[in-house]
Amino acid sequence: MLPFDPYAARPDTIGAEEWRARVDLAAAYRLAARRGWGDLIYTHLSLRLPGRDDAFLINAFGQTFDEITASSLLTIDFAGRVIDGSDRVANPSGFAIHGAVHRARADAHCVIHLHTDAGIAVSALHDGLLPLSQHAMRFWRDIGYHDYQGLAFGPEEQARLVAGLGAHRAMILRNHGTLTCGRSVAEAFVLMDTLDKACRIQLAAMAAGAVTMPSEEVLARTHAELTADPEPEGALEWPALLRGLMRSEPDFAR
C-alpha cells in the first residue's frame, strides 16, 4: 500500500488521466535526481499526453530534475513549442531527440535521454555495451547505436537516429549518452536503471582486469528469459519506487 494516494492532489482543471501521467513523469524526474542522473538542465524525460499523438509533457528549460512537480511540467508539440498557454519555454534542441522517437514509434510513450558518466563512457568504447552482467544481458543484441554527429540535430540526423533505434527500447548515442523508450513511464525508467547499472558494472569490471563473458547460447537464452513477458517492464517495480518517493518527497505529486 502507498502511504497515501500520489494522484489525489489533482487540480479541477486537469483530467484524471492527464494528472496520473503528470505525477508518474514527475516521479521519474525525482527518482532520476536521486540516482545522480541529471546534467545541470540539459537532459530530459518526456511523456506523450494521454489521448494525444501531437503533444508531450516535459520539464521547463532551466529546471533541474529535483525541482520537478506534476503541475510544473510543460505541454509542448513536436517542434518543442509550449502549447499550454504558459510563458515558460522548453529546450527545442533537447527535444529534437525526444520528438524524433515519439514521432517514429507509436509505442514510445515515454522517452528518457541521459548524459550519465557511465553511459557516456561506455558510449565511447569501441565495442559499446558488453554482456558482462545479467543487467547487460537484457540488452544483448537488443540495443541501438547512433554515431555522434555534433551538437546540431536536424531532420537528417533524426532520421538516422530512429533508424538506428529500430524496434529496440534502448539506445547508446556514441560519445553522447543513453536513451530508453517505454510504453509507460515505469518501463522507460526501469530500462534506464538497468542500462545505467550495466554500464557502471562494465566499467568497474574492465578497470579491475581481464573480463569473461558467457557463451552465445547462454546469452541468447538469458535474454529470451529476461524479455519473455509481453507486458511493459517496470509494472512491479514502479509502485515500490513510488512508495519510497512518497515517504520522502511527496511534493512531487503537486
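Before any of the text, the structure's been laid out above.
**Topic: the packing of helix α2 (residues 92-104) against helix α5 (residues 155-165)**
The geometry of a pair of packed helices is captured by two quantities: the angle between their axes and the separation between those axes. Contact pair α2 / α5: the axes reach a minimum separation of 9 Å and the direction vectors enclose 55°. The pairing of α2 with α5 is recorded here as oblique in orientation. Pair α2 / α5 crosses with right-handed handedness. For the pair α2 and α5, contact is made by A96, I97, A100, V101, R103 and A104 and by Q158, L161, V162 and L165, respectively. The residue makeup of the contact of α2 with α5, split by class, is 8 nonpolar, 1 polar and 1 charged.

**Topic: the sheet that holds strand β1 (residues 44-48)**
The mixed open sheet is built from 7 strands, whose spatial order is β3-β2-β1-β4-β7-β6-β5. Unpaired on one side and paired on the other, β3 (74-76) and β5 (144-146) mark the two borders of the sheet. Within this sheet the neighbouring strands show an average axis-to-axis angle of 20°, counted without direction. Two elements, strand β6 (residues 170-173) and strand β7 (residues 177-182), share 4 bridges in a ladder whose sense is antiparallel. Across the sheet, L173 pairs through a bridge with G177, a residue of β7. Packed onto the sheet, helix α1 (residues 16-34) meets β1, β2 (56-58) and β3 and runs at close to 165° relative to β1. Lying over the sheet, helix α6 (residues 185-208) contacts β1, β4 (110-114), β6 and β7, oriented at roughly 150° with respect to β7.

**Some thoughts on the pattern of salt bridges**
Using the criterion set out here, one finds 16 salt bridges in the structure. Note that E18 is salt-bridged to R22, the shortest N-O span being 2.9 Å. Placement of both E18 and R22 in helix α1 is noted, with a separation of 4 residues, approximately one turn of the helix. Residue R22 is classed as buried on the basis of its relative accessible area, which comes to 6%. Among the ionic pairs, R183 bridges to E187, the shortest N-O distance being 2.8 Å. Among the residues examined, R183 registers a relative accessible area of 30% and is labelled partly exposed. Look at the salt bridges and you will find they share partners, linking R105, D107, R169, R183 and E187 into a network.

Reading the values: rules and limits
Residues numbered from 1 in each chain as written. Predicted model: local features only at pLDDT ≥ 70, side-chain atom pairs only at ≥ 80, totals over all residues. Heavy atoms only, no water. Axes fitted to C-alpha atoms, helices over the stretch in contact; angles between N-to-C directions. Helix = DSSP H or I, 4+ residues; strand = E, 2+ residues; numbered from the N terminus. Parallel < 35°, antiparallel > 145°, perpendicular 65-115°, else oblique. Left-handed = near helix turned anticlockwise from the far one by under 90°. Contact = heavy atoms within 4.5 Å. Nonpolar A, V, L, I, M, F, W, Y, C, P; charged D, E, K, R; others polar. Pairing = 2+ DSSP bridges. Salt bridge = Lys/Arg side-chain N within 4 Å of Asp/Glu carboxyl O. Buried < 20%, exposed > 50% of the residue type's maximum accessible area, 1.4 Å probe, protein only.

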